[in-house]
Amino acid sequence: MPLCIGKLKIPSRLILAPMAGVTDFPFRSLNRRFGCEFAFVEMINVRSLSHKSKKTKSMLFSDNKDSPLGVQILGCESEYILKGMEVLANYKYDLLDFNSACPAKKIVRRHEGSYLMRTPKKLAKLLKLVVKNSKVPVTVKIRSGWDKDSINAADVALACQDAGVSCVFMHGRSRMQEYSGNVDYKIIKQTKKVLQIPLVASGDIFDARLAKKMFDETGCDGLAVARGALGNPWLFNQIGKYLDKGILIDQPKVEEIKKVMREHLDGCVKFYNAKPAVIIFRKFFVWYTKGLRDIRKIRQDAMSITSLDKMQKIIDGLEE
């Protein structure tokens, strides 16, 4: 079943969410091979975007196979939002998301991300500016609220809809929860009910059963998969099979995991060159090896590796 956001028609209701330091080109490419139909680049601050830094250019790199593609921007100052969007005019992408959900302290201190849940009028004003100047459909990422005493997602979502966005992405936790505690399925459902535009839900999409639970309990139109995809590109196919046919696919055996780790590492080397690729890949090594026997010491060793040959050897030596 496709997901329609404005004029954009996405083949699947499953989306790879933007994750800072994670959803780079090699990671997106790998996940697309395993059933991911739509992916976001890493979250980009509009100030960095307006400065046209080398890192930002790397984050925005894509090719014809990396499509359809979304870009998520972060900011709270109109001047830099406009400058950032001018830079984006030189890139090909299909969806522009505005982040008002990131709970990181350094971002909240700048009155960006989830801080904007506290100032819905300002958020709506910024969104009107983004919608007016965007060449693609605009979406917004929100949370359930700031804290348990200010759960305002439904009101904020309505203000965003009135500002002209084509879809609301919603994480079912407050800013103060960050990623702890339980996802609030009820507030996602309430928010979905008041909207005339699609709502894509996120939060704890770690396996196929939890994906179905989110659809069943909230009535959402799609899912944004984030932490569940870390070291687990198989998740997209697993969710798809379970939703379509009720079939649960087992997690892969260690030989399949090693094969995919090598493929991912190779993609990083081609994109970043050997030494930076190995350093970047170390965190992925930890995620891929979750649940493997006697892995703690091996993980500790992997986190200090800078040599491609040593990283390849430690992957080859992994056992069930």
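The preceding data block contains the structure.
Bear in mind the structure is a predicted one, so any value in this text is a computation, not a measurement. (Residues numbered from 1 in each chain as written. Predicted model: local features only at pLDDT ≥ 70, side-chain atom pairs only at ≥ 80, totals over all residues. Heavy atoms only, no water.)

### Remarks on the pairing of strand S11 (residues 222-225)
- Burial along S11 is two-sided: the residues Gly222 and Ala224 and Leu223 and Val225 are all buried.
- Across 3 bridges, strand S3 (residues 14-16) lies against S11 in parallel orientation. Counted as the bridge partner of Leu14 is Leu223 from S11.
- Pairing geometry for strand S10 (residues 199-202) and S11, over 2 bridges, is parallel. Each residue of the ladder has a partner; that of Val200, found in S11, is Gly222.
- Handedness of the crossover joining S10 and S11 through helix H9 (residues 208-218): right-handed. (Buried < 20%, exposed > 50% of the residue type's maximum accessible area, 1.4 Å probe, protein only. Helix = DSSP H or I, 4+ residues; strand = E, 2+ residues; numbered from the N terminus. Pairing = 2+ DSSP bridges. Right-handed = clockwise from strand over helix to strand, strands pointing away.)

### Regarding the pattern of salt bridges
- The full count for this structure, using the stated rule, is 19 salt bridges.
- A salt bridge links Asp294 to Arg293; the shortest N-O distance between them is 3.4 Å.
- Owing to a relative accessible area of 61%, Asp294 belongs among the exposed residues under this scheme.
- Between Lys297 and Asp301 there is a salt bridge, and its shortest N-O distance comes to 2.9 Å. Taken as a pair, Lys297 and Asp301 lie in helix H13 (residues 296-302) at a separation of 4 residues, close to a single helical turn.
- Classification of Asp301 as partly exposed rests on a relative accessible area of 34%.
- Here the salt bridges do not stand alone but share partners, grouping Arg28, Arg32 and Asp66 into one network. (Salt bridge = Lys/Arg side-chain N within 4 Å of Asp/Glu carboxyl O.)

### Examining the state of the cysteines
- For the structure shown, the criterion picks out 0 disulfides.
- You can see Cys36 has no disulfide; the closest cysteine sulfur is in Cys167, sitting 16 Å from it.
- For Cys220, which is in no disulfide, the shortest distance to another cysteine sulfur is to Cys167 and amounts to 10 Å.
- Residue Cys220 is classed as buried on the basis of its relative accessible area, which comes to 7%. (Disulfide = S-S within 2.5 Å.)

### Structural notes on the packing of aromatic side chains
- This model, assessed by the stated rule, comprises 12 aromatic pairs.
- A centroid spacing of 5.4 Å and a plane angle of 70° characterise the contact between Phe38 and Phe40, whose relative ring orientation is edge-to-face.
- Phe40 sits in the buried class, given a relative accessible area of 1%.
- Chaining the aromatic ring pairs together yields one cluster made of Phe27, Phe281, Phe284, Trp287 and Tyr288.
- We note Arg13 situated over the ring of Phe215; from NZ or CZ to the ring centre the distance is 4.2 Å.
- Stacked on the ring of Trp146, the Lys or Arg Arg118 has its end atom at 4.5 Å from the ring centre. (Phe/Tyr/Trp six-rings, centres within 6.5 Å; stacked < 30°, edge-to-face > 60°. Lys NZ or Arg CZ within 6 Å of the ring centre and 35° of its normal.)

### What to know about the packing of helix H1 (residues 25-33) against helix H11 (residues 254-272)
- H11 packs onto H1 with a crossing angle of 140° between their chain directions and a minimal axis gap of 9 Å. On the basis of the axis angle, H1 is oblique to H11. For H1 against H11, the interelement crossing comes out right-handed. Residues Phe25, Pro26, Phe27, Leu30 and Arg33 of H1 touch H11, and the partners they reach there are Val260, Glu263, His264, Gly267, Cys268, Phe271 and Tyr272.
- Tallied by class, residues from the contact of H1 with H11 come to 8 nonpolar, 2 polar and 2 charged. (Axes fitted to C-alpha atoms, helices over the stretch in contact; angles between N-to-C directions. Parallel < 35°, antiparallel > 145°, perpendicular 65-115°, else oblique. Left-handed = near helix turned anticlockwise from the far one by under 90°. Contact = heavy atoms within 4.5 Å. Nonpolar A, V, L, I, M, F, W, Y, C, P; charged D, E, K, R; others polar.)

### Here's the deal with the side chain of Lys192
- Checked against the element boundaries, Lys192 lands in helix H8 (residues 185-194).
- Here Asp221 takes part through its side chain, which lies 2.7 Å from a polar atom of the side chain of Lys192.
- Once residues lying within four places of it in the same chain are set aside, the contact partners of Lys192 are Ile197, Leu199, Thr218, Gly219 and Asp221. (Polar contact = N/O pair within 3.5 Å; in protein donor to acceptor, adjacent residues only side chain to side chain.)

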